[in-house]
Amino acid sequence: MTHRTSLLEFVEDELLRAPLTFDQVIDAVHEHWRQTLSVQGRQGNDAAHVLQLRRAELVDVAVQSLQAQVQAELSQQPPAGARSRVGADAGGRTGATATPAAPRLELSLIDEDAVAADIEISRAVEAIKAQAEFELRELQSFTSAMVGDVNVARDTNPFRPEAYVRALWEGVRTLPLSLAIQSAFLRDAADKLARTLRQGYAAACSRLEEQGVEPAAHRTIVYGSTSWAGGSIFSPDTLGELRDSLAVPLDGSPAAEATGGAGTAGQPGAASPAGTARRVDRPAIELLSRLFDAIQSDAELTPQSLALLLRLQPTALRVTMRDPALLDSYDHPVWRFMDQLTFMIETASPALTERCLRFARELVNHLVADATEQPAERFEWALERLSAFERHAFERKVHAADAEIAQLLADDSAAPGTTLEALDIGTLDTVPSKLLPAENLALPPVRPLALRPGDRVRAYLHGDWRSLQLLWVSASGQSWLLQDTASGEYRALRLRAIERLAAERLAMPLRPRSLVRGAAERVLRSIDPAPRTR
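S.K.: Lay out the overall build of the chain with the relevant residues and their values.
M.R.: On a plain count of helices and strands, the chain comes out with 20 helices and six strands. Looking at the 534 residues of the chain, the share that counts as buried comes to 45%. At a minimum sequence separation of 6, the contacts of the chain that also span at least 24 residues come to 75%.

And the structure:
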């Protein structure tokens, strides 16, 4: 029996058990509602009655959603539901332009009530991961063995918590209940779903072991770049700190003293460029090599970005010969250019990716062509070119969204009572108070995200993390138009919805990360494995 066949049999077996999992969760929520909502009157009784009456439909939809997600995972394709939402086009612009127009979808504002559902989905996923952490890791070692991933290099478990939560949410959405009550179902179901899945994951591991599947090698997975042995990795404030941590520091090395000469020591300003090059050559090569090796090991970099960055290594060394400050500061123009170049490529929409890559290659070719002098000013100029390119692309996106902006302008100035008016949870007097979390009844003031048009944000919307670009903000600041980077789909959000996401840490600015700072952490860790915390 091959590994692939074993995985398919495992999937079929787990899908047969899925209805029982959802049934157990529905039973728990129904019993909870029946007891706690009995004093709420007709509204509460109706919610429990509807849940019991439509449970079969809920389970069927949830199982179908889970099956679709698992099949998409096995075929490494997006789920059918995601494809239909992304691919829908209600009359997009046509024409021979370099940037295809975004899908013309029926635009509706996402208010705070809709965001509350995303928050409950996120909380349910995290609750399952927290309770079933060990079982998930064990099951991953078995599924990795079945696909031949002996080192457990990636998560090969198609039945991750996200799949169950999204499936359950798809089923709940079929109930004729308000969005607030549907969100309350997910909140009340989270703990029972976590306990049920924990038992299910453990039972699956036992069955696979009995069938003779040997788990792959375990690997400790550290979530986040700052997690290390219970503390945070010591990140050097400057590259100078890293330089001083090396076995042979740059400024005091015997090689530097031997080549510098007494005259250089007595007259620091009189050193010739050639003498400077000889003085920093060997330690500079050592440090730069370590930094670029560490950048090359960055798992978040795409092959296209990495190929361009590695081409800049000889150029960075030539810059160091003229400007040793490159090895002192993370903010040197060379490092900032590398950060911005990577950010531009990896946040580009699919329609713009090839164009961005062509522009990036031309810019890098220009920088590496001069083999004699590489002053830092050349990289400042390159940074300006990157900014100009991104501004032009952004202006074209805004122009393509004229119709959506016009619609939001009309909605923003419409009288209260229109269908797009944002709802606040405190005003939903038709929802039983037992179904509303206490923290939502009096939301604390939250500062809005400090974003300007053109900035990017990573937000949890419609059950998934999305990379979005802010295209437009109304004059009142109440309506924001964003574009999904992956699909090109427009998303309009009310200010309170954005504030709510930010308060729950489900929306955060997406800005260029310092590649060299991350490389410095890895280099320091390689020479001093002991964890350091601030």
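This is not the end of the story, as more comes after the structure.
S.K.: Talk me through the pairing of strand E3 (residues 464-473); I want residue IDs and the actual numbers.
M.R.: Where strand E2 (residues 456-461) lies against E3, six bridges are found, and the strand directions are antiparallel. Pairing of Leu461 across the sheet is with Asp464, part of E3. Adjacent in sequence and paired antiparallel, E2 and E3 are bridged by two residues, among which His462 carries a positive phi angle near 55°. Between E3 and strand E4 (residues 479-484), which pair antiparallel in sequence order, lie five residues; one of them, Gly477, sits at a positive phi of approximately 80°.

S.K.: Which residues make up the nonpolar core, and what values go with them?
M.R.: Among the nonpolar cores identified, the biggest contains 77 residues, and Phe10, Phe22, Trp33, Leu66, Leu168 and Phe185 are the most heavily contacted of them. Examining the composition of this core, we find that twelve residues originate from one element, helix H8 (residues 179-210), more than from any other. Beyond its immediate stretch of four places on either side in the chain, Phe185 contacts Ile26, Val29, Trp33, Leu51, Leu58, Leu168 and Val172. Leu308, Leu341, Ala360 and Val364 belong to the second largest nonpolar core, which has 45 residues in total.

S.K.: Which residues make up helix H12 (residues 303-311), and what are the values?
M.R.: What H12 keeps buried is the set Ser305, Leu306, Leu308 and Leu309. One side of H12 carries all its buried residues, which in axial view fall inside an arc of 165°.

S.K.: Describe the packing of helix H14 (residues 333-346) against helix H15 (residues 350-369), listing the residues and the values that go with them.
M.R.: Close contact between H14 and H15 brings their axes to 10 Å; oriented N to C, the two are set at 160°. Viewed along their axes, H14 and H15 adopt a mutual orientation that is roughly antiparallel. In the crossing of H14 with H15, the sense of the turn from one axis to the other is left-handed. Note on element contacts: H15 touches H14 through Cys356, Leu357, Phe359, Ala360, Leu363, Val364 and Leu367, opposite Phe337, Leu341, Met344 and Ile345.

S.K.: Mind laying out the pattern of salt bridges, listing which residues take part and the relevant values?
M.R.: Summed over all chains, the structure comprises 26 salt bridges. Linking Arg54 and Glu57 is a salt bridge whose minimum nitrogen-to-oxygen distance equals 2.8 Å. A relative accessible area of 27% means that Arg54 is categorised as partly exposed. Residue Glu57 is classed as partly exposed on the basis of its relative accessible area, which comes to 32%. When the shortest N-O distance is used, the salt bridge between Glu354 and Arg361 registers 3.8 Å. The exposure class assigned to Arg361 is partly exposed, which follows from its relative accessible area of 36%. Salt bridges sharing partners connect three or more residues here, namely Glu120, Arg123, Arg187, Arg500 and Glu504.

Conventions we followed
Residues numbered from 1 in each chain as written. Predicted model: local features only at pLDDT ≥ 70, side-chain atom pairs only at ≥ 80, totals over all residues. Heavy atoms only, no water. Helix = DSSP H or I, 4+ residues; strand = E, 2+ residues; numbered from the N terminus. Buried < 20%, exposed > 50% of the residue type's maximum accessible area, 1.4 Å probe, protein only. Contact = heavy atoms within 4.5 Å. Pairing = 2+ DSSP bridges. Core = buried A, V, L, I, M, F, W, Y, C linked by side-chain atoms within 4.5 Å. Arc of directions from axis to C-beta. Axes fitted to C-alpha atoms, helices over the stretch in contact; angles between N-to-C directions. Parallel < 35°, antiparallel > 145°, perpendicular 65-115°, else oblique. Left-handed = near helix turned anticlockwise from the far one by under 90°. Salt bridge = Lys/Arg side-chain N within 4 Å of Asp/Glu carboxyl O.

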